[in-house]
Number of protein chains: 2
Amino acid sequence: MTIDSMVEGVHFKLGWGTPEALGARALTVNLSDIAAMGGVPTACVVNLAIRPGLGTRFFDRLYAGLGGAAAAAGVDVVGGNITAADALAITIALLGETGPRVLRRDAARPGDEIFVTGTVGDAALGWRILAGKLPARGAARKFLIDRFLNPIARLAAGQRLVRMSPAPTARNPRSARQKPAPAAIDISDGLWQDLGHVLDRSGVGAEIEAPAIPLSPAYRAVKGDDLELALGGGEDYELLFCWPPGNSAAALTRRLGVPVHRIGKIVGGRGATLLGADAALTRAAARAGGWDQLRPQDTR
Amino acid sequence: MTIDSMVEGVHFKLGWGTPEALGARALTVNLSDIAAMGGVPTACVVNLAIRPGLGTRFFDRLYAGLGGAAAAAGVDVVGGNITAADALAITIALLGETGPRVLRRDAARPGDEIFVTGTVGDAALGWRILAGKLPARGAARKFLIDRFLNPIARLAAGQRLVRMSPAPTARNPRSARQKPAPAAIDISDGLWQDLGHVLDRSGVGAEIEAPAIPLSPAYRAVKGDDLELALGGGEDYELLFCWPPGNSAAALTRRLGVPVHRIGKIVGGRGATLLGADAALTRAAARAGGWDQLRPQDTR
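In this text, all values refer to a predicted model and were calculated from it rather than measured experimentally.

## Regarding the overall build of chain A
For chain A, the helix and strand inventory stands at 11 helices and 10 strands. At 19 Å, chain A has a C-alpha radius of gyration in line with the 19 Å of a compact globule built from 300 residues. If one aligns the C-alpha atoms of chain A with their principal axes, the spans along those axes are about 60 × 45 × 30 Å. In chain A, which comprises 300 residues, the share counted as buried stands at 57%. Counting contacts in chain A only where the partners sit at least 6 residues apart, residues at least 24 apart contribute 84% of the total.

## Some thoughts on the relation of the copies chain A and chain B
Take chain A, turn it by 180°, move it 0.0 Å along the axis, and it overlays chain B with an RMSD of 0.0 Å. As the rotation angle and translation indicate, the two copies are arranged about a two-fold axis. Taking the C-alpha atom as reference, chain A places A93 of chain A closest to the rotation axis, 3.1 Å from it. By residue overlap, the copies meet face to face through one surface: 100% of the interface positions of chain A are interface positions in chain B.

## Digging into the sheet that holds strand β8 (residues 239-243) of chain A
Within a sheet, neighbouring strands are paired by backbone hydrogen bonds and run either parallel or antiparallel to one another. Residues and elements named next belong to chain A. Spatially, the six strands line up as an open sheet ordered β6-β8-β5-β9-β7-β10, and their pairing is mixed. Looking at which strands have only one partner, the edges of the open sheet turn out to be β6 (184-186) and β10 (271-275). Pairs of neighbouring strands in the sheet enclose a mean axial angle of 25°, with direction left out of account. Each of β5 (113-117), β8 and β9 (260-267) touches helix α10 (residues 249-256); the most contacted strand, β9, lies at about 120° to it.

## Side note on the domain arrangement of chain A
All names here are of chain A. Segmentation of chain A into domains returns domain 1 (2-97) and domain 2 (113-294). For domain 1 versus domain 2, the separation of C-alpha centres amounts to 25 Å. Carbon and sulfur atoms supply 63% of the area buried between domain 1 and domain 2, which totals about 1600 Å² over both sides. For the pair domain 1 and domain 2, the number of links is one salt bridge.

## Thoughts on helix α1 (residues 19-35) of chain B
Across its 17 residues, α1 of chain B extends 24 Å between first and last C-alpha, which sits within 8% of the 24 Å expected from 1.5 Å per residue. For α1 of chain B, the buried fraction is high: 14 of the 17 residues fall into the buried class.

## Some thoughts on the side chain of S5 of chain B
For S5 of chain B, the position within the fold is in strand β1 (residues 2-7). On the basis of relative accessibility, which here comes to 4%, the residue S5 of chain B falls in the buried class. Among the polar contacts made by the side chain of S5 of chain B, one reaches the side chain of T91 of chain B at a distance of 2.9 Å. With residues up to four places along the chain from it excluded, the contact list for S5 of chain B reads N47, N81 and T83 of chain A together with H11, I90 and T91 of chain B.

## Description of the interface of chain A and chain B
In many reports, interface size means the accessible area that the parts give up when they come together. Contacts between the two partners involve 25 residues from chain A and, on the opposite side, 25 residues from chain B. For the chain A and chain B pair, buried surface summed over both sides reaches about 1800 Å², with 68% attributable to carbon and sulfur atoms. Among the residues chain A hides against chain B, the three largest losses belong to M1, I3 and V45 of chain A. Together they make up 33% of the total. Taken together, the links from chain A to chain B amount to zero salt bridges. Counting across the interface, chain A meets chain B through four residue pairs in polar contact (both at pLDDT 80 or more). Within the residue set of the side of chain A that touches chain B, elements represented by two or more residues are β1 (2-7), β2 (40-50), β3 (76-84) and β4 (89-97) of chain A. Looking at the side of chain A that touches chain B, its residues break down into 14 nonpolar, eight polar and three charged.

## What about the environment of N47 of chain B?
Tracing the backbone shows N47 of chain B in strand β2 (residues 40-50). The exposure class of N47 of chain B is buried, given its relative accessible area of 1%. In this structure N47 of chain B touches I3, D4, S5 and T91 of chain A together with N81, T83, A89, I90 and T91 of chain B, once residues within four positions along its chain are discounted. Of the polar contacts made by the side chain of N47 of chain B, one reaches the side chain of N81 of chain B; its length is 2.8 Å.

## Notes on the pattern of salt bridges
Across all of its chains, the model carries 22 salt bridges over all chains by this definition. Of the charged contacts in the structure, one is a salt bridge between R262 of chain B and E113 of chain B, with a shortest N-O distance of 2.8 Å. Highlighted residues: R262 of chain B in strand β9 (residues 260-267) and E113 of chain B in strand β5 (residues 113-117), separated in sequence by 149 residues. Accessibility expressed as a relative area gives 26% for R262 of chain B, which makes it partly exposed. E113 of chain B sits in the buried class, given a relative accessible area of 15%. Salt-bridge contacts for R147 of chain B lead to D122 of chain B; the nearest nitrogen and oxygen are separated by 3.0 Å. Of this pair, R147 of chain B sits in helix α4 (residues 138-149) while D122 of chain B is found in helix α3 (residues 122-130), placing the two residues 25 residues apart along the sequence. Exposure class is identical for R147 of chain B and D122 of chain B. Each is buried. Within the structure, one salt-bridge network assembled from shared partners comprises D122, R147, R154, D236 and E238 of chain A.

Conventions and cut-offs
- Every chain is numbered on its own, with residues counted from 1 as its sequence reads.
- To read the labels, note that chains go from A and ligands from 1, taken in the order they are written.
- Local features are withheld for residues below a pLDDT of 70 in this predicted model, meaning they are given only at 70 or higher, and side-chain atom pairs are given and counted only at 80 or more; totals for whole chains, interfaces and linings count all residues.
- Computation of side-chain values: all heavy atoms of the structure, hydrogens and water removed.
- Secondary structure elements follow DSSP: runs of H or I of four or more residues count as helices, runs of E of two or more count as strands, with numbering from the N terminus.
- It is over C-alpha atoms that the radius of gyration is taken, and the globule rule equals 2.2 Å times the number of residues to the power 0.38.
- Partly exposed describes any residue whose relative accessible area lies between the buried limit of under 20% and the exposed limit of over 50%, with all areas from a 1.4 Å probe on protein chains only and scaled to the type maximum.
- We call two residues in contact when some of their heavy atoms are within 4.5 Å.
- In superposing the copies, a least-squares fit is computed on C-alpha atoms, taking residues whose pLDDT is at least 70 in both.
- By the convention used here, strands pair only if DSSP detects at least 2 bridges between them.
- Only the contacting stretch of a helix is used when fitting its axis, a line to C-alpha atoms as for every element, and angles between N-to-C directions run 0 to 180 degrees.
- For every domain, the bounds stem from an assignment made automatically or drawn from a database.
- When two parts are brought into contact, each loses some accessible area as probed by a 1.4 Å sphere; the total of that loss over both is the buried area.
- Salt bridges are identified by distance alone: a Lys or Arg side-chain nitrogen within 4 Å of an Asp or Glu carboxyl oxygen.
- One fewer than the residue count of a helix, multiplied by 1.5 Å, yields its expected span.
- Two N or O atoms count as a polar contact when they lie within 3.5 Å, although within protein this holds only if one can serve as hydrogen donor and the other as acceptor, and sequence-adjacent residues are included solely when both atoms are side-chain atoms.
- Classification convention: Asp, Glu, Lys, Arg as charged; Ala, Val, Leu, Ile, Met, Phe, Trp, Tyr, Cys, Pro as nonpolar; all other residues, Gly among them, as polar.

As structure tokens, then:
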């Protein structure tokens, strides 16, 4: 059971996209939390804080988008509430089911390799383009904005991850006995911060290889090799997960049905180290929580 | 699964009560929805929209109140989310369980008698006193404000109602075979409006006896026999339920463990008729939804 909220002026502005996309996105950010546990989403309730100036047509369209996303994910919208407010806010609580195995943040073990699905940093760039903070043109602009407005929750990948049994290895004999589900989290706050949650909860450290961070062609077109938003920008809703060594990214890509890249490994100790980046970024990465301020917050 | 939200400036002002009471009340309004189905609440998630100017101490106290109410109701707070906003808003989604029988809004049948727990209208008066719209002093003032700030969800009464089998009667032979659960709703929007939901969903009408509406001594001290807010004011979180004839209010009071009053009966047709009131109130009651504007909304 999870809950998430989108507030006008904080997380979005109305002019940025269609009401349908807004409704779909409000559910998707919750679906992503279920995906990160390997769950199957089942039912949701919706709280709508409405402000003056938005008519029936707007809410019909918002609910159409939300309903479409719910239907596509097999989710029943089972109830809701409407309240008055000064700003539009859509808060959705979502219920999901799992079997006895579930992806957890505290399951990372030294030796595990760290993977991410898709590419990271795109949504943060899209948000900055929409907010007028970053110039971009053409296909790159379109792609990055779309990544922000229309995220995809990695539900199928999460469900496959939880069903897959890590192959037992000499370094991970535990997996042969207990078949633990791998550690995973969805990248909503930014790769570095969400990785930090896994490390903190698991009591381990990580080494991340900067050149291995997966960037989209659009990201490269706008930012080149600057990894700041790939590491610090949120809202991508990709999955980060850990896996015992012995599986290539190509094999995991085939098994999960989504592009997967290996970005580093879990080590003993605490905190994450960034390898292979320029000195400034390496120093920034070494500062705990150093990218908090880069989250797309407060659009006003 | 249910969701409800309380927004600063719309549903409450901070100076009205303690942060603890605010946190407890945010859960209670959800517990009441579960009570109205005869369910057992199990787990909740909390979305907190926070604004500048509220410190850690405030939120510690708010969560202490929420946690206390959750513990008292056997509810686990299993997750949450925090977002920035211009106004404080607490949105809680609550999960509950039921057996195969559940209290429903569509189960009222002609011949059923209509009961309410406790007294009605108190919270609406308390809200008006807090908002400076109604003068009141002494014990009555204290009681009415407390009824608004510290509502009680009728969980045990709802659970007993759903377990009790209406005694079969000549007028209700169906109950002997099917043991249907009675119709019920919690009085959150006001007695008249919430009764209307039951009537609409059940496809029946009702005759309500104005002198039978249960008023607290404090209500009478402030408003005398003026029933307007007893019928139109919300936020009481009492239960309204229907029951086949043959059970006295006294017997139901003993069985449910809360004060119960009979206020009228379900009849064929549509809509509710108010009997035994003065002409102005009778006319107002006859206008469908005529009390919507009396709801405690928009304190600004």
